Amino acid sequence: MGTTTSEAAQPAKVKDGPGAPPPRAGRDESRRRKRSMGVQNAAGWLFSAPFLVLFTVFMAFPILATLLMSFTDFGLRNVTRPWEANFIGFENYVELFGDEKFLKSLFNTAYFVVVGVPLTIALGLVVAVLLNNGIDRARTFFRVGFYAPVVTTIVAVAVVWRFVLDPSDGLVAGLFSEVGLTAPDFLGSEALAMPSMIAMAVWRNVGTVMVLFIAGLQAIPTEVREAARLDGVGVWQEFRGITVPLLRPTLLYATVITTIGYLNVFEEPFVMTQGGPSDSTLTVSLNMYREGFNFFHMGYASAMAYVLFVVIMGITVLQLRLLKDNTK
């Protein structure tokens, strides 16, 4: 039988299925999207190129070069002929852990961190709580006052503190003389030199921690505090049970960046004590500087730098795991 009129009038059906070719409009749209993504990627690389070049030249290359130097006896003679440096493997690293001066600097750095970080975090938290809740008048003045040492160059701060702690003409010596006492030599005493530097570091860095905690406190919903007060919760209970738990992400960040900064402590002993007396304030960074730029044992100093890097990485990972578990 022949085809009916209605069947003949229907348009031919396009073959569907996985084997069917995509419509031309779909292919054109796909090409336009690929072309657009290519242009965007090219623009992204173009805008990133200045940073990538600077990072490669001034960061990535020196880091890799230092790693290679740590396995050599690179010294002053190799500055103009680096290819003549002798590869000595892990000898620098083995020698480090038999070096009493390095072990002493490692202990001093640990002392600075273990005492200084908790004091900085605790004092910064107390100041932040007072400025956020307890002080109504001149709040901006106090915030600026506590933060001013942060934006002041560390060398200027260290010089001022060195004058303040001077046992003969310093401000502290004048206060002692007013009550008929003789001021101790804070920076000349093996027992007092490191605590004096820790006090200066805490005073200078508490402003940074304060700002972080103020931001964290202002992010806590006021409804939570109001509900707790309606339930009769006291000030200390509110601080311990509400404020501190909700500040744990901020506490994590503040602890990590403060610890990293204190592990790299250099300017304070360099300006105030030069590592003395009797290496009681010699830190790893200062020891590294001496070995590299005073004695030109650059391969040995490079190994010291990577030991410090591994210590920083290990402590940071440990802090992230311990404190991050408590933030969940």
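Our subject is the structure that appears above.
Residues numbered from 1 in each chain as written. Predicted model: local features only at pLDDT ≥ 70, side-chain atom pairs only at ≥ 80, totals over all residues. Heavy atoms only, no water.

### What to know about the overall build of the protein
Next, step 1: Regarding its fold elements, the protein presents 14 helices and 0 strands.
Next, step 2: For the protein, the N- to C-terminal ordering of α and β elements is α-α-α-α-α-α-α-α-α-α-α-α-α-α.
Next, step 3: In the protein, which comprises 328 residues, the proportion classed as buried is 34%.
Next, step 4: The contacts in the protein between residues at least 6 apart in sequence include a share of 67% that link residues at least 24 apart. (Helix = DSSP H or I, 4+ residues; strand = E, 2+ residues; numbered from the N terminus. Buried < 20%, exposed > 50% of the residue type's maximum accessible area, 1.4 Å probe, protein only. Contact = heavy atoms within 4.5 Å.)

### Structural notes on helix H6 (residues 154-164)
Next, step 1: Looking only at H6, the buried set comprises Ile154, Val157, Ala158 and Trp161. Buried residues along H6 cover an arc of 95 degrees about the axis, so they all sit on one side. (Arc of directions from axis to C-beta.)

### Re the nonpolar core
Next, step 1: Membership of the largest hydrophobic core comes to 49 residues, with the highest contact counts inside it found for Phe112, Phe213 and Met272.
Next, step 2: Broken down by secondary-structure element, the contributors of at least two residues to this core are helix H3 (91-96), helix H4 (100-134), H6, helix H8 (193-218), helix H11 (248-263), helix H12 (267-272), helix H13 (284-294) and helix H14 (298-327).
Next, step 3: The dominant element in this core, judged by the number of residues it contributes, is H8, at 11 residues.
Next, step 4: Excluding residues within four positions of it along the chain, Phe213 makes contact with Ile121, Gly124, Leu125, Ala128, Leu247, Thr250, Leu251 and Ala254. (Core = buried A, V, L, I, M, F, W, Y, C linked by side-chain atoms within 4.5 Å.)

### Let's talk about the pattern of salt bridges
Next, step 1: One pass over the full model with this rule turns up 4 salt bridges.
Next, step 2: Residues participating in the shared-partner salt-bridge network are Lys101, Asp279 and Arg290. (Salt bridge = Lys/Arg side-chain N within 4 Å of Asp/Glu carboxyl O.)

### Regarding a nonpolar patch on the surface
Next, step 1: Side chains of Trp45, Phe51, Leu52, Val53, Leu54, Phe55, Val57, Phe58, Met59 and Ile63 sit close together on the surface and give an oily, nonpolar patch of about 1000 Å² of accessible area.
Next, step 2: Locating Met59 in the fold gives a position in helix H2 (residues 24-69). (Patch = residues over 30% accessible without salt bridge, like charges linked within 9 Å, V, L, I, M, F, W, Y side chains within 5 Å. Areas by Shrake-Rupley, 256 points an atom, 1.4 Å probe, with all protein chains shown as cover.)

### Quick look at unusual backbone geometry
Next, step 1: Residue Pro277 is bonded to the preceding Gly276 through a cis peptide linkage, with omega at -5 degrees.
Next, step 2: Along the polypeptide, Pro277 turns up in the loop between H12 and H13.
Next, step 3: The backbone phi angle of Ser278 is positive, close to 55 degrees, even though this residue is not glycine.
Next, step 4: Examined against the element boundaries, Ser278 turns out to sit in the loop between H12 and H13.

### Topic: the packing of helix H9 (residues 222-230) against helix H10 (residues 235-246)
Next, step 1: Interaxial distance between H9 and H10 falls to 11 Å at its minimum, and their mutual angle equals 150 degrees. Crossing geometry of H9 relative to H10 is assigned as right-handed. Mapping the contact onto sequence places Val224, Arg225, Ala228 and Arg229 in H9 and Glu238, Ile242 and Thr243 in H10.
Next, step 2: Residues of the contact of H9 with H10, tallied by class, amount to 3 nonpolar, 1 polar and 3 charged. (Axes fitted to C-alpha atoms, helices over the stretch in contact; angles between N-to-C directions. Left-handed = near helix turned anticlockwise from the far one by under 90°. Nonpolar A, V, L, I, M, F, W, Y, C, P; charged D, E, K, R; others polar.)

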